[in-house]
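Descriptive structure summary
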Amino acid sequence: MPTEVSLTVVNPEVKNNYKKATVLVEDETIIKALFPNGQVTENELTSIQELAKKSGDMGVIESSDLNPAQKLALAKANGYNEYYDIKLSKDGKYYEVTIKETGMFTPDPKACNIKRDFGLKENVLLNNNLNYMIDNAEPGSSADGRNTDYDQVKFPAGTVIKLPVNETNFDAGTSGFWRRVFS
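Described in the following lines is the structure provided in the data block. Everything quoted here is computed from the prediction, not taken from an experiment.

1. Considering the sheet that holds strand 6 (residues 94-99)
Judged by pairing direction, the sheet is antiparallel, and its 3 strands sit side by side in the order 5-6-7 without closing on themselves. Two strands bound the open sheet, and with one partner strand each, they are strand 5 (84-88) and strand 7 (160-164). The average angle at which neighbouring strand axes cross in this sheet is 25°, direction not considered. Sheet strands in contact with helix 3 (residues 68-77) are strand 5 and strand 6, and its direction is about 165° off that of strand 5.

2. Observations regarding the packing of aromatic side chains
Summed over the entire model, instances satisfying the criterion amount to 7 aromatic pairs. Ring centres of Tyr95 and Phe170 lie 5.3 Å apart, and the angle between their planes is 75°; this geometry places the pair in the edge-to-face category. Of this pair, Tyr95 sits in strand 6 while Phe170 sits in the loop between strand 7 and helix 7 (177-181); the two residues are 75 residues apart in sequence, bridging distant segments of the chain. On the accessibility criterion, Phe170 (1% relative accessible area) is buried. Here the aromatic residues Tyr80, Tyr84, Tyr95, Phe118 and Phe170 are joined through ring pairs into a cluster of three or more. Against the face of Tyr94 rests Lys162, its NZ or CZ located 4.3 Å from the ring centre.

About the thresholds
Each chain has its residues counted from 1, running along the sequence as written. Under the rules for a predicted model, residues below a pLDDT of 70 receive no local features and side-chain atom pairs below 80 are neither given nor counted, while totals for whole chains, interfaces and linings still include all residues. Excluding hydrogens and water, the side-chain values take into account all heavy atoms of the structure. Two strands are said to pair when DSSP picks up at least two bridges between them. Here a strand is any run of E in DSSP of at least two residues, a helix any run of H or I of at least four, and the numbering for each starts at the N terminus. The axes are straight lines fitted to the C-alpha atoms, using for helices just the contacting stretch, and the angles between their N-to-C directions are given from 0 to 180°. The contact definition used throughout considers only heavy atoms, calling two residues in contact when any of these lie within 4.5 Å. Within 6.5 Å between ring centres, the rings of Phe, Tyr and Trp (the latter by its six-membered ring) count as paired, and their orientation is classed by plane angle as stacked under 30 degrees, edge-to-face over 60, tilted in between. We call a residue buried when its accessible area falls under 20% of the maximum for its residue type, exposed when it is over 50%, and partly exposed in between, using a 1.4 Å probe and counting protein chains only. Two thresholds decide whether a charge sits over a ring: the Lys NZ or Arg CZ must be within 6 Å of the ring centre and within 35 degrees of the ring normal.

Below is the structure:
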């Protein structure tokens, strides 16, 4: 259900000149990520209103409406920077995600954790990181290894993976200690 968020529209050229505006968002975190102090300029307000109108969902701003740089701000607001270092590739088509060191008690993430964390559909992680996944998968139960469970591939600290921008979202939050232990 959409949430109505109030923003303060400021005019930086005129002291004490502000007004209130509201926008509809899928999740308040989106606005907090884009405008942490709740203040926008007239131009910023116009651009987010246009963004909401373009999306075709009755003027509600959703995380899928954001551009790649705005999605990175959302990732930071949702705590992804605790477990991952995320950068946009030079061509703008991929996020380059480096797994961070988590300490001795938190296990390294498995593919199933990464898929959940980034809202990835089946085979997106595998297809974009095929060599790493094949090289690090445990053979399955059959003699020829064809029953490999790629969801159990571990990603130790320092591993860099590529995720397509249009297939990645930062809504779910990250898999912490308990989710990594019991996956």
